[in-house]
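Structural overview for review
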Amino acid sequence: MLKQLRIQNFKGWKDTGTIRMAPISLFFGANSSGKSSIGQFLMMLKQTVESPDRKAVFYPGGKNSAVQLGSYQEMVFHHNPENKIAFYYRWSLPEILKFKDPVSGQAFSGDNISFHANVGLGDKDQHTLVLDQLKYELLEEDESRLSIGMKRKSDTKSDYKVDAINYTLKRKQGRVWYPGAPVRFYGFPDEVVAYHQNADFVQELNLRHEKLFRSLCYLGPLRTKAERLYSWTGIEPESVGYAGENTVTAILAAQSRKISLGFKRPVKPFEEIIALKLKEMGLIEEFKVNPISEQRQEYEVKVRTKGSKDWVDLPDVGFGISQVLPVLVQCFYAPAGSIILMEQPEIHLHPKAQSALADVMIDVINSRENGKDRDIQLVIETHSEHFLRRLQRRIAEDAVPQEKVSAYFANIARTPATLEPLQIDIFGNIQNWPENFFGDEMGDITEQAKAAMKKRMQKTAKPEASA
């Protein structure tokens, strides 16, 4: 689970500042305020980790990628190629990292890792991305145990020096040489291990980093429209897909899974959980996925809406249901330890359902499977006041601890833009509510009252004028 994040010189952000990441992390702001860029940056790093090209520092994306960011000049702040993109994040480890220095015999362990890197264009070659430096820090209970990194020699793009703090690297006998460039933006190359007697542990750092980004999944703001028939051959998709195209496939693949919505709460089949959440949001009365026949690998989604006795196909109910279904399925389908990035999960929902969706998200972070916490983290970009208001209420009611929610507002009134934390207290109050956060509500009420008064005065004055 991500604990902290900071991005510098990326798209509209000169510096986001250090972002506190919680189990539910919310980002608000006007259109084109830069809030989407945070998720885009994380997804670019995920694409890079999963790219087959080990030499590519960043993979900005291709035709079927979650994000397509173009060239470095297109993604760097102010499109200035001289700017360097710097980033930092810290995450908690699901399993403690332990190893022993084979030279000194000293044991090391940590439950958190932090990572920092600087990336820019080469000194001479203005078309090649170069990693200037990377650094890992292993922490245990917030105390640093060691740090190790690589830094590029200023006169070359391919020679790097390895430095460590609180750990003495011992090189093997032989001539002095420098290891080559890191793998992608984060990886120690094999030469680091080959050159030292006691650097094997860096391979574990590489693996833990890759595991972090493989735990990320993304759901975009526009989901695919509902179909009348869905085919399923028995495969288990990794996720519902960037546009929710695998939603029904995921429901079918999860038929044997059972989920609890919290400690000591009853365990229910996966499909029943989805139906329950749709009902609690006031969208449907019942929901089921049926096979067309035993001879065909095709299925239909049937829905019964409130107040109706008839079952209808999914395309025949409100568009909002087909848009929120991928959100619900992704939240409960994702493997334990997943980080789910979502844009506008509330899209096409009426205000009451938007409020209820916040309760669903609380259930998601509390959910359990096979007797263990699922440890799901939600990173949500939203425009919904109703969603936030419900979370504020639940914090006041102690339904969700205040520290499990973080919220940020992208303020474009300042230049450069700033990402401002919303200070939510234990009573659910926001201490620093930004001006016109969700529009000028009081201004609209005041102007409406003025207009109404003016109209009444005009109506009262008319008979006198005719007399």
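As shown above, the structure is provided for reference.
A brief structural summary. (Residues numbered from 1 in each chain as written. Predicted model: local features only at pLDDT ≥ 70, side-chain atom pairs only at ≥ 80, totals over all residues. Heavy atoms only, no water.)

**Examining the nonpolar core**
Quick note on the threshold: By nonpolar core we mean a set of buried residues, namely Ala, Val, Leu, Ile, Met, Phe, Trp, Tyr and Cys, connected to one another through side-chain atoms within 4.5 Å. Residue exposure (1.4 Å probe, protein chains only): buried if accessible area is under 20% of the type maximum, exposed if over 50%, otherwise partly exposed. Whether two residues touch is decided by their heavy atoms; if any such pair falls within 4.5 Å, the residues are in contact.
Met 281, Phe 287, Phe 332, Met 361 and Leu 378 are the most contacted members of the largest nonpolar core, which has 69 residues in total. What Phe 332 contacts, discounting residues up to four positions off in sequence, is Arg 257, Ile 259, Leu 261, Phe 270, Ile 273, Ile 274, Lys 277, Val 360, Val 364, Ser 367 and Arg 374. Core analysis: the next-biggest nonpolar cluster, separate from the first, contains 67 residues, Phe 108, Ala 117, Phe 213 and Leu 341 among them.

**Thoughts on the pattern of salt bridges**
Once the charged atoms of two side chains with opposite charge are near each other, the side chains can pair. For clarity, the threshold we go by: The salt bridge definition used is simple: a Lys or Arg side-chain nitrogen within 4 Å of an Asp or Glu carboxyl oxygen. A helix here means a DSSP run of H or I that spans at least four residues, while a strand means a run of E at least two residues long, and both kinds are numbered starting from the N terminus.
As enumerated under the stated definition, the model contains 27 salt bridges in all. The partner of Lys 84 in a salt bridge is Asp 132, and the shortest N-O contact between them spans 3.2 Å. Of the two residues, Lys 84 sits in the loop between helix 2 (72-75) and strand 5 (85-100) while Asp 132 sits in strand 7 (residues 129-140), which places them 48 residues apart along the sequence. Under the relative-accessibility criterion, Lys 84 is labelled partly exposed at 27%. Note on Asp 132: relative accessible area 15%, which makes it buried. The salt bridge partner of Glu 280 is Lys 277, with a shortest N-O separation of 2.6 Å. Of this pair, Glu 280 and Lys 277 are both found in helix 6 (residues 270-280), three residues apart, which corresponds to roughly one turn of the helix. Exposure remark for Glu 280: the relative accessible area of 47% places this residue in the partly exposed category.

**Quick word on the pairing of strand 15 (residues 298-304)**
Heads up, the condition is: At least two DSSP bridges between two strands are required for those strands to pair.
Counted residue by residue, strand 15 has five buried out of seven residues, so it is predominantly covered. One ladder, built from two bridges, connects strand 11 (residues 230-231) with strand 15; its direction is antiparallel. Across the sheet, Ser 231 pairs through a bridge with Glu 298, a residue of strand 15. Here strand 14 (residues 286-291) runs beside strand 15; their pairing, made up of six bridges, is antiparallel. Opposite Phe 287, over in strand 15, you have Val 303 as the bridge partner. Here strand 14 folds back onto strand 15 in antiparallel fashion, the turn holding six residues. Here strand 15 pairs with strand 16 (residues 312-313) via two bridges, running antiparallel.

**Let's talk about the environment of Leu 138**
For Leu 138, the position within the fold is in strand 7. A relative accessible area of 2% places Leu 138 in the buried class. Distance in space between the C-alpha atoms of Leu 138 and Ser 114 is 6.7 Å, their sequence separation being 24 residues.

**Describing the packing of helix 1 (residues 35-50) against helix 4 (residues 201-214)**
Heads up, the rule is: Note on method: axes are straight lines fitted to C-alpha atoms, helices fitted across the in-contact stretch only, with angles between N-to-C directions ranging 0 to 180 degrees. Here the word oblique covers every angle except those under 35 degrees (roughly parallel), over 145 (roughly antiparallel) and from 65 to 115 (roughly perpendicular). Handedness of a helix crossing follows the sense of rotation of the near helix relative to the far helix, less than a right angle counterclockwise being left-handed and clockwise being right-handed. Just so you know the grouping, Ala, Val, Leu, Ile, Met, Phe, Trp, Tyr, Cys and Pro go in nonpolar, Asp, Glu, Lys and Arg go in charged, and all remaining residues, Gly too, go in polar.
In the contact formed by helix 1 and helix 4, the axes pass within 9 Å of each other and the chain directions differ by 125 degrees. Considering their axes alone, helix 1 and helix 4 lie oblique with respect to each other. The hand of the helix 1/helix 4 crossing is left-handed. Two secondary-structure elements touch here, helix 1 through Leu 42, Leu 45, Lys 46, Val 49 and Glu 50 and helix 4 through Glu 210, Phe 213 and Arg 214. By residue class, the composition of the contact of helix 1 with helix 4 is four nonpolar, no polar and four charged.

**Considering the state of the cysteines**
Rules: Only a pair of cysteine sulfur atoms within 2.5 Å counts as a disulfide in this structure description.
Taken as a whole, this structure holds zero disulfides when the rule is applied. Left unpaired, Cys 217 is separated from the closest cysteine sulfur, that of Cys 331, by 8.6 Å. Residue Cys 217 is classed as buried on the basis of its relative accessible area of 11%. Given a relative accessible area of 0%, Cys 331 falls into the buried group.

**A few points about the packing of aromatic side chains**
The line we're drawing: Here a Phe, Tyr or Trp ring, Trp counted by its six-membered ring, pairs with any other such ring whose centre lies within 6.5 Å, and the pair is stacked when the planes are under 30 degrees apart, edge-to-face when over 60, and tilted otherwise.
Per the stated rule, a full pass over the model turns up 25 aromatic pairs. On the numbers, 4.9 Å between centres and 65 degrees between planes, the contact of Phe 10 with Phe 41 is edge-to-face. In this pair, Phe 10 sits in strand 1 (residues 2-10) while Phe 41 sits in helix 1, placing the two residues 31 residues apart along the sequence. The class for Phe 41 is buried, based on a relative accessible area of 0%. These aromatic residues form a ring-pair network of at least three members: Phe 10, Phe 41, Phe 58, Phe 87, Tyr 89, Trp 91, Phe 115, Tyr 136, Phe 185, Tyr 186, Phe 188 and Phe 213.

**Describing the side chain of Gln 47**
The condition that has to hold: Pairs of N or O atoms are called polar contacts if they sit within 3.5 Å, as long as, within protein, a hydrogen donor faces a hydrogen acceptor (for residues adjacent in sequence, only side-chain-to-side-chain pairs).
Take Gln 47: it is sitting in helix 1. Here the side chain of Gln 47 touches Val 67 through a polar contact of 3.0 Å, landing on its backbone nitrogen. When neighbours within four sequence positions are excluded, Gln 47 is seen to be in contact with Tyr 59, Pro 60, Gly 61, Ser 65, Ala 66 and Val 67.

**Here we look at the environment of Ile 235**
Along the polypeptide, Ile 235 turns up in the loop between strand 11 and helix 5 (247-253). Classification of Ile 235 as exposed rests on a relative accessible area of 52%. Each C-alpha atom of the pair Ile 235 and Gly 307 lies 36 Å from the other, and the pair is 72 residues apart in sequence. Other than its neighbours up to four places away in sequence, Ile 235 contacts Thr 249 and Ala 253.

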